[in-house]
Amino acid sequence: MPQKQFSFLKLGLFFFIPFCLVIIVKFGINKMNSSEPSYQEYASSNTLSKTIIPDKIDYIFDVKPILSDRCYLCHGPDEGTREAGLRLDIKENAFGAIGENLDRHAIIPGDLENSQLVFRINNPDQEKIMPPVHSNLTLSDYEKKVLTKWVEQGAEWKDHWAFIPPTKPNVPEIENNILAANEIDNFIINKLSQKGLTPSEKATKEKLIRRVYFDLTGLPPTLHDLDSFLQDQSESAYEKVVDKLLASEAYGERMTSEWLDVARYADTHGYQDDLERVMWPWRDWVIHAYNKNLPYDEFIKWQLAGDLLPEATLEQIVATGFNRNHKITQEGGVIDEEYRVEYVMDRTNTTAKALLGLTMECARCHDHKYDPISMEEFYGFYSFFNQLKEKGQIGYSEIPKPNIEITPKEIEDVLSFIKMPDSIEKVNLMVMKEDDDFKRKTHILGRGVYDNPTEEVEFSTPAALLEFTDKYDKNRLGLANWFFDEKNPLTARVAVNRLWQQMFGVGLVASMADFGNQGDLPSHPELLDWLAITYRQDGWDTKKMLKRIAMSQTYQQTSKTTPKLQTTDPNNVYLARNTRAKLTAEMIRDNALSVSGLLVEKVGGPSVKPYQPDGLWAETTSGQGLTKYIPDTGESLHRRSLYTFWKRTVPPPSMTTFDAASRDDCTVQRQKTSTPLQALVMLNDPQLIEASQTLAVEMLNKSELSDEERITSIFRKITSRNPDSSELNNLLEFLENSENNFNP
Amino acid sequence: MEEHLKHHLNNNRRHFLKKVGLGIGGLAAASMIDPFNMFSKGSSVNPTGLNLPHFAPKAKRVIYLFQSGGPSQLDLFDYKPMLNKMRGQDLPDSVRKGQRLTGMTSGQERFPLVGSNFKFNQYGESRAWVSEVMPYTAKIVDELCFIKTMHTEAINHDPAITFFQTGSQQSGRPSIGAWMSYGLGSLNDNLPTFSVLLSRGSGRPFGQPLYSRLWGNGFLSSLHQGVQYRAGKDPVLYLKDPEGMSRSERRKMLDHLSELNQKQEQEFGDPEINSRIAQYEMAYRMQTSVPETMNIDEEPDHIIQMYGADSMIPGTYAANCLLARRLIEKDVRFVQLYHMGWDQHDNLPTQLSGQAKDVDQATAALIMDLKQRGLLDDTLVIWGGEFGRTNYSQGALTDTTYGRDHHPRCFTMFMAGGGIKPGFTYGETDEFGYNIAKDPMHVHDLQATLMHLTGIDHTKFTYKHQGRRFRLTDIAGHVNHDILS
């Protein structure tokens with residue numbers, strides 16, 4: 001770090017800058033949110049909806065969330081724990097006869113007296129009440145009334161929305177078409193007017209450019225970018241910016257940051273001694289794939305089954321590294337099969353969570369408690385990933401098989417996106433690769449335990465979603481095609497929901513990881529389906545979809561809230577404004593590097609080691625593997641944060657403090673917290689201080705500027721806007737007082 | 001805090017509250033953004049909205065002295081003369097009963113039984129057996145409750161330690177301390193609720209590694225993550241201000257920052273901004289409170305002597321025990337220590353002596369120090385590792401040395417303090433020290449009991465994540481009422 005002798009004035013500025021950097025998180029980008037809002041939370045946080053029973057009870061919105069959450073544990077999909085033979089997740093059973101003599105019914109539409117469900121939930125007898133006392137589950141008065149009224153109104157039944165394939169809804173007509181930039185706005189405004197709300201005004205140009213820069217590239221606009229945009233009075237000024245960003249290399253890096261969480265990417269094996277691994281060539285492929293706008297279906301098919309494609313290219317095989325990013329152990333003494341099974345589990349769960357938005361892992365040890373996924377179906381799905389010749393326990397200097405060797409020759413010929421330094425002769429990358437003559441039989445594992453195989457299963461998928469018929473090959477490629485079957489109800493919805501989450505902070509389905517019965521309901525079901533189908537019809541064109549979202553008026557609204565909105569829609573479910581969100585861990589650091597001019601904009605290559613507090617690796621190591629963190633020198637100190645070396649057992653603290661995912665397993669939604677440790681990083685992280693110093697030096701060298709001009713300029717760099725007079729005074733006063741405190 | 005700064009801060013806060021429109025009537029609302037109450041449950045509404053504790057707690061605070069690697073119960077507490085008699089003979093299959101072995105000994109042709117090379121004696125009124133390597137512990141056995149029949153499911157370090165700390169062998173769930181922080185909040189306004197201290201064993205300096213996820217928050221808010229206290233100039237990461245930054249300067253900076261943030265809050269109306277302002281204040285207070293806590297200069301000589309000379313050396317187990325007491329004195333809810341190096345696959349007699357020397361005096365001192373301050377009554381102390389060790393030798397057995405592999409079926413832990421029956425031994429192992437003869441206690445039982453002591457019904461304390469209600473004890477665990485006082 002530069003250690004400069006600062007003059008009187010310089011000292012003041014030196015301390016002013018880190019402070020300014022602190023502000024970035026506060027209002028730099030007008031996006032900030034605390035916890036994950038959900039429809040249910042919203043509904044329950046709204047006092048009105050808590051006390052007022054709807055006139056017409058809706059099964060999907062009002063009833064099923066209660067049944068699923070309080071009743072399915074014993075009356076749901078899991079046969080193993082089903083009580084009284086009653087299951088409430090399937091209509092025939094819920095309405096069928098129960099009891100030893102088949103003389104009773106849980107639900108008789110319209111008949112309150114004879115419906116056991118009504119009788120039991122309202123029963124004051126502690127022996128009879130449902131849910132039973134020992135379950136620790138209860139129903140509120142409101143919930144009892146909803147269920148009762150539903151039966152009274154005839155117990156109308158609908159299947160779970162997410163398991164029905166989407167159809168393209170008509171775009172709603174809205175009264176004031178001038179408010180709509182594209183179809184997204186029609187859906188949003190239509191819903192707003194139903195709720196008696198109206199959209200907000202457009203964000204200022206400064207806010208807008210900053211927002212879209214971070215969302216699409218993860219970086220702030222430079223002053224030059226900002227000025228050109230402000231000066232461009234043409235109607236297409238904003239669109240030009242969006243197009244430019246989508247065409248920039250930083251776009252691929254930003255998208256990759258998100259995908260690395262999903263893919264649980266890391267630079268170490270993750271268990272115990274946590275040895276180093278080389279997966280960064282796969283990461284380089286992801287950046288490349290995004291930047292060339294590889295259609296989403298191919299993006300996924302290559303990652304799942306690139307090796308099985310006809311005449312698979314080397315690039316397609318590199319893409320399969322996706323499913324080798326799971327942790328791998330070298331711990332002495334582990335039982336090989338125990339861990340091999342864990343790796344297959346990981347691939348199964350990651351694929352299901354990332355592409356289907358389902359908590360399929362719940363069906364590892366028993367039938368799923370809430371969703372229609374049996375244990376047999378789980379292991380049928382698992383069997384696709386169970387076909388590698390791989391080891392559970394690897395040696396200390398072993399590159400797990402299967403892997404491919406990548407040489408400079410191959411890079412030159414077909415893999416030019418891999419940024420291999422000259423100092424490296426070759427790398428071996430773990431990939432998915434099956435031997436033709438090798439097929440492993442898959443058995444259900446009793447209680448999910450590796451040494452308890454029971455009945456054999458075939459390749460299959462959960463039938464409630466879409467049956468795995470003979471038209472698909474019986475391998476991962478067949479599975480990959482199954483995902484992109486037009487009848488698959490989830491793939492497209494989950495994909496557009498992820499893009500929506502990236503742009504708005506929260507998905508249309510807030511529970512990104514759970515589209516099942518326990519998940520959140522979509523805030524705008526029709527919009528979700530319209531986007532899903534449109535994405536597919538557009539040939540899974542990701543840039544086009546992001547542009548569509550960015551161009552909507554909904555996205556361009558201000559994020560200012562009003563007392564009225566805070567009361568009616570505190571979590572901004574209906575988007576009468578944009579949502580304030582925090583910068584991600586990567587953005588916080590990249591922003592500091594960028595505005596201070598330190599950022600080295602080099603794409604790809606081996607992961608790098610920027611500053612990290614001394615001793616973190618050393619104090620927990622066994623002496624094997626990566627025992628000491630030695631920061632890089634030169635340009636590697638200032639690369640974008642997605643390139644920061646990720647040691648799973650001791651991840652970089654400045655990143656994890658800001659809610660970066662652990663990379664232990666697939667993460668589709670990060671936490672958004674506010675903690676004092678974050679404040680400490682902002683105040684004292686050497687990286688931020690160095691950035692401050694650098695920025696200060698640059699400003700101080702402009703001797704023609706006054707303090708006021710310097711502050712204004714720095715403020716603008718950091719926040720993309722000018723300070724108003726009170727802000728300027730605040731900072732000038734601070735600068736003045738700071739100077740008085742130092743005796744040079 | 002210096003008086004004038006305090007005054008300034010209070011003024012600033014008043015100003016702030018006034019600005020955001022909170023009069024005196026808005027007390028409840030004010031406490032939500034009260035920076036002095038950020039970690040704290042205090043007297044106001046429990047920020048988690050949980051109805052906790054479920055019943056009156058016996059222990060308000062917990063110190064968990066984790067002995068990482070798997071200390072040999074057979075050389076410390078579980079005295080088995082039969083093993084000395086049968087030294088060198090094979091472990092009978094009738095005893096092993098199909099127990100799976102780690103890959104380190106599964107290939108061994110023979111499993112020669114080995115008794116401890118250390119002498120055992122009975123101590124105190126409770127007549128507890130303790131080996132000669134733990135002389136200080138021997139003196140306080142009447143304060144301790146030994147559990148001889150701990151058992152676990154994992155046979156390797158990573159899954160076993162993860163299981164103990166989070167209730168699951170696979171990573172991703174919150175650590176016990178995080179659950180406590182989430183459920184019970186803080187008793188302290190200036191220090192993190194869940195504090196973590198690490199030390200390295202001298203018996204086996206490079207034993208098993210640790211992983212920061214062991215004190216992670218899992219799916220709980222990262223507010224509940226364990227905060228590591230470290231030896232050296234930056235006791236909590238990023239705590240130390242840059243060179244040349246005075247406290248008053250930092251204060252001033254935060255005041256200016258706060259003013260700018262308040263302005264934003266007024267413009268955007270986002271309550272999250274108030275929370276952020278409060279977090280900066282908490283960070284500022286930690287900058288004073290943490291170094292104060294870490295500074296043992298004020299400890300009198302007799303206390304240093306009690307914990308042993310090592311307690312003067314930052315980063316040792318003894319120093320960490322002393323710090324644990326200082327944290328507990330400040331009402332920190334959960335203090336988690338890890339002492340590494342208890343993995344004696346070979347050369348056990350030498351290695352174990354070193355490990356025992358690291359922890360024996362300081363552990364005993366900590367317990368007695370808490371007692372003399374009246375803190376032991378409502379502080380629970382737990383000592384133990386992730387599994388035990390085999391009754392047969394790993395590798396060659398010679399007259400002077402042997403090793404022991406991991407053993408999940410039975411091992412010894414001890415507890416003391418808040419709500420625990422002192423001078424008591426629970427459970428018995430068979431004469432081979434291989435199986436449980438009477439009264440087993442599973443890892444989930446320990447977790448359930450720990451929660452019970454802190455006023456929590458472990459079956460009711462859940463967190464809903466991705467549609468499922470998760471518990472520390474998963475779907476198992478029973479409170480062990482026999483060890484409660």
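Position numbers for residues count from 1 along each chain, tracking the sequence in the order it is written. As they are written, the chains are lettered A onward and the ligands numbered 1 onward, keeping that order. Totals for whole chains, interfaces and linings use all residues, but because this is a predicted model, local features are given only for residues with pLDDT of at least 70 and pairs of side-chain atoms are given and counted only at 80 or more.

Considerations on the overall build of chain B
- Across its full length, chain B carries 13 helices and 17 strands.
- Any residue whose C-beta has 12 or fewer other C-beta atoms within 10 Å is treated as exposed, any with 20 or more as buried, and any in between as partly exposed, C-beta atoms being built from the backbone. Within the span of chain B, comprising 485 residues, buried residues form 58% of the whole. Counting from the N terminus, the helices are the DSSP runs of H or I reaching at least four residues and the strands are the DSSP runs of E reaching at least two.

Notes on unusual backbone geometry
- The amide bond that connects Lys401 of chain A to the next residue, Pro402 of chain A, takes the cis arrangement and shows omega of -10 degrees.
- Position of Pro402 of chain A relative to the elements: it lies in the loop between helix H18 (375-382) and strand E3 (403-406).
- Omega for the peptide link from Leu52 of chain B to Pro53 of chain B comes to -5 degrees, which places this bond in the cis form.
- Of note, the phi angle at Asn136 of chain A is positive, near 60 degrees, even though the residue is not glycine.
- You can see Asn136 of chain A is positioned in the loop between helix H7 (116-121) and helix H8 (141-152).

Some words on the confidence of the model for chain B
All names here are of chain B.
- The predictor attaches a confidence to each residue, and that confidence, scored 0 to 100, is pLDDT. Looking at chain B as a whole, the pLDDT averages 89, with 90% of positions reaching at least 70.
- Placing a C-beta atom from the backbone of each residue, one calls two residues in contact when those atoms lie within 7 Å. Contacts of residues 1-47 to residues separated by more than four positions or lying in other chains number 53 contacts, the stretch itself having pLDDT below 50.
- The complex prediction reports pTM at 0.91, with the ipTM value standing at 0.90.

So, helix H9 (residues 271-294) of chain B
- For H9 of chain B, which comprises 24 residues, the first-to-last C-alpha distance of 34 Å matches the rise-based estimate of 34 Å (1.5 Å per residue) to within 8%.
- What the bend at a residue measures is the angle between two axes, fitted to the seven residues ending there and to the seven starting there. The largest bend in H9 of chain B amounts to roughly 30 degrees and is located at Met286 of chain B. Expected span of a helix, by definition, is 1.5 Å for each gap between consecutive residues, and there is one gap fewer than residues.

Notes on the nonpolar core
- For the purposes of this analysis, a nonpolar core is taken to be any set of buried Ala, Val, Leu, Ile, Met, Phe, Trp, Tyr and Cys residues that are connected through C-beta atoms within 7 Å. Counting residues in hydrophobic clusters, the biggest one holds 294 residues, and the most contacted among them are Val496 of chain A together with Cys145 and Ala324 of chain B.
- Looking at this core, the element that brings in the most residues is helix H12 (residues 348-372) of chain B, giving 10 residues.
- Domain borders in the structure are assigned automatically or taken from a domain database. When residues of this core are assigned to domains, at least three map to each of domain 1 (8-28 + 583-657 + 674-741) and domain 3 (251-483) of chain A.
- Not counting residues up to four positions away in its chain, the partners in contact with Cys145 of chain B are Phe414, Met415, Ala416, Ile420, Lys421, Pro422, Phe424, Tyr426 and Ile483 of chain B.

Quick look at helix H6 (residues 157-166) of chain B
- Here H6 of chain B lies mainly inside the structure; 10 of its 10 residues are buried.
- Structurally, H6 of chain B contributes buried residues whose contacts are with helix H7 (176-184) and helix H13 (443-453) of chain B.

Considering the packing of helix H9 (residues 183-194) of chain A against helix H22 (residues 525-537) of chain A
Residue and element names in this part refer to chain A.
- Throughout, an axis means a line fitted to C-alpha atoms (over the contacting stretch in the case of helices), and angles, computed between N-to-C directions, take values from 0 to 180 degrees. Where H9 meets H22, the axes come as close as 9 Å, and the angle between the chain directions of the two elements is 170 degrees. As judged from the angle between their axes, H9 and H22 are roughly antiparallel. For the element pair H9 and H22, the recorded crossing hand is right-handed. Contacts between H9 and H22 involve Glu183, Ile184 and Phe187 on the former and, on the latter, Glu526, Leu527 and Trp530.
- When grouped by side-chain class, the residues that make up the contact of H9 with H22 number four nonpolar, no polar and two charged. We call two directions roughly parallel when the angle between them is under 35 degrees, roughly antiparallel when it is over 145, roughly perpendicular when it lies between 65 and 115, and oblique otherwise. Should the near helix be turned anticlockwise from the far one by less than a right angle, the crossing is termed left-handed; should it be turned clockwise, right-handed. In this classification, Asp, Glu, Lys and Arg are treated as charged, Ala, Val, Leu, Ile, Met, Phe, Trp, Tyr, Cys and Pro as nonpolar, and every other residue, Gly included, as polar.

Some details on the interface of chain B and chain A
- With 60 residues of chain B at the contact, the number on the chain A side is 69 residues.
- Mapped onto the side of chain B that touches chain A, the elements with two or more residues apiece are H6, helix H8 (247-268) and H9 of chain B.
- Per-element accounting of the side of chain B that touches chain A gives the leading share, 12 residues, to H8 of chain B.
- Here the residues of the side of chain B that touches chain A are counted per class, giving 23 nonpolar, 21 polar and 16 charged.

Concerning the pairing of strand E3 (residues 128-131) of chain B
Residue and element names in this part refer to chain B.
- With four bridges joining them, strand E2 (residues 120-123) and E3 adopt antiparallel strand pairing. Paired with Asn121 across the two strands is Val130, which belongs to E3.
- Following E2, the chain reverses through four residues before pairing antiparallel with E3; Gly124 in that reversal takes a positive phi of roughly 65 degrees. Paired strands, as defined in this entry, are two strands with at least two bridges between them according to DSSP.

Some thoughts on the domain arrangement of chain A
Residues and elements named next belong to chain A.
- Domain parsing of chain A yields domain 1 (8-28 + 583-657 + 674-741), domain 2 (53-152) and domain 3 (251-483).
- Placing a centre on the C-alpha atoms of domain 1 and another on those of domain 3 gives a separation of 36 Å.
- Contact residues are listed per partner, giving 17 residues for domain 1 and 20 residues for domain 3.

A few points about the pairing of strand E8 (residues 379-384) of chain B
All names here are of chain B.
- A large share of E8 lies buried, amounting to six of its six residues.
- Of the two faces of E8, both are covered, the one formed by Thr379, Val381 and Trp383 as well as the one formed by Leu380, Ile382 and Gly384.
- Pairing analysis gives six bridges linking strand E1 (residues 61-67) to E8, with the strands arranged parallel. When the bridges of E8 are listed, Val62 appears paired with Leu380.

What about the packing of H8 of chain B against H9 of chain B?
All names here are of chain B.
- Running from N to C, H8 and H9 point in directions that differ by 170 degrees, and their axes come no closer than 9 Å. With respect to their mutual orientation, H8 and H9 come out roughly antiparallel. Contact residues: H8 offers Arg250, Leu254, Leu257, Ser258, Asn261, Gln264 and Glu265, while H9 offers Ile273, Asn274, Arg276, Ile277, Tyr280 and Tyr284.
- Residue composition of the contact of H8 with H9, grouped by class: six nonpolar, four polar and three charged.

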